[in-house]
Amino acid sequence: MVGKFPTDTIQRSKWIRAVNRVDPRSKKIWIPGPGAILCSKHFQESDFESYGIRRKLKKGAVPSVSLYKIPQGVHLKGKARQKILKQPLPDNSQEVATEDHNYSLKTPLMIGAEKLAEVQQMLQVSKKRLISVKNYRMIKKRKGLRLIDALVEEKLLSEETECLLRAQFSGISPW
């Protein structure tokens, strides 16, 4: 279950402060985008209203459970893990509150990777088409040069006209 960041300025500010996340680029407090969400693990059970099998955040609920990033190789279980996960981040902390969370992305990174692969494939197809178009134009230019040669041979072009036409096809070998 997830909750969108509130649009109310005061409530949104409370959520931002409660998340206590640092923007990795600017090293300043993280400001969520318009589609940013926060998972239910950051709220106490008392922050929810139940409607049958559905739950909804209560009005005015503020995230109060911080999730520390547990260092690799450290395997905490039971009370020790819960104690670390529920401790608030210190005010001067540079720690980013994550545990397989990414609040600025609405879709998983795999979808982004799939889109990238799709765009790269489209780029390859476009490159092949461009080469085909270039080859087609080259063939047309060569035919043009051969036509000029034939007209010169039949003495149907003046020297001036021949020079002008050949200038149009410069840089192309006739064969």
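Basis of the calculations
- Residues numbered from 1 in each chain as written.
- Predicted model: local features only at pLDDT ≥ 70, side-chain atom pairs only at ≥ 80, totals over all residues.
- Heavy atoms only, no water.
- Core = buried A, V, L, I, M, F, W, Y, C linked by side-chain atoms within 4.5 Å.
- Buried < 20%, exposed > 50% of the residue type's maximum accessible area, 1.4 Å probe, protein only.
- Helix = DSSP H or I, 4+ residues; strand = E, 2+ residues; numbered from the N terminus.
- Polar contact = N/O pair within 3.5 Å; in protein donor to acceptor, adjacent residues only side chain to side chain.
- Phe/Tyr/Trp six-rings, centres within 6.5 Å; stacked < 30°, edge-to-face > 60°.

Caption draft 1: Molecular detail of the nonpolar core. Core analysis: the biggest nonpolar cluster contains nine residues, these being Phe5, Trp15, Ile16, Val19, Trp30, Ala36, Leu38, Phe43 and Phe48. Of the residues forming this core, the biggest block, three residues, is contributed by helix H1 (residues 9-19).

Caption draft 2: View of the environment of His42. Here His42 is to be found in the loop between strand S2 (37-39) and strand S3 (48-51). Each C-alpha atom of the pair His42 and Ser64 lies 6.0 Å from the other, and the pair is 22 residues apart in sequence. From its side chain, His42 meets the backbone oxygen of Val65 in a polar contact 2.9 Å long.

Caption draft 3: Spatial organisation of the environment of Glu45. When you line up the elements, Glu45 lands in the loop between S2 and S3. A distance of 2.8 Å separates the side chain of Glu45 from the side chain of Arg55, its partner in a polar contact.

Caption draft 4: Representation of the packing of aromatic side chains in the model. What the rule picks out here adds up to four aromatic pairs. For the pair Phe5 and Trp15, a centre-to-centre distance of 5.3 Å together with 65° between the ring planes defines the contact as edge-to-face. Linking Phe5 in the loop between strand S1 (2-4) and H1 with Trp15 in helix H1, this pair joins segments that are ten residues apart in sequence. This pair shows no difference in class: Phe5 is buried, exactly as Trp15 is. Judged by centre distance (6.1 Å) and plane angle (75°), the rings of Phe43 and Phe48 are edge-to-face. Accessibility expressed as a relative area gives 7% for Phe43, which makes it buried.

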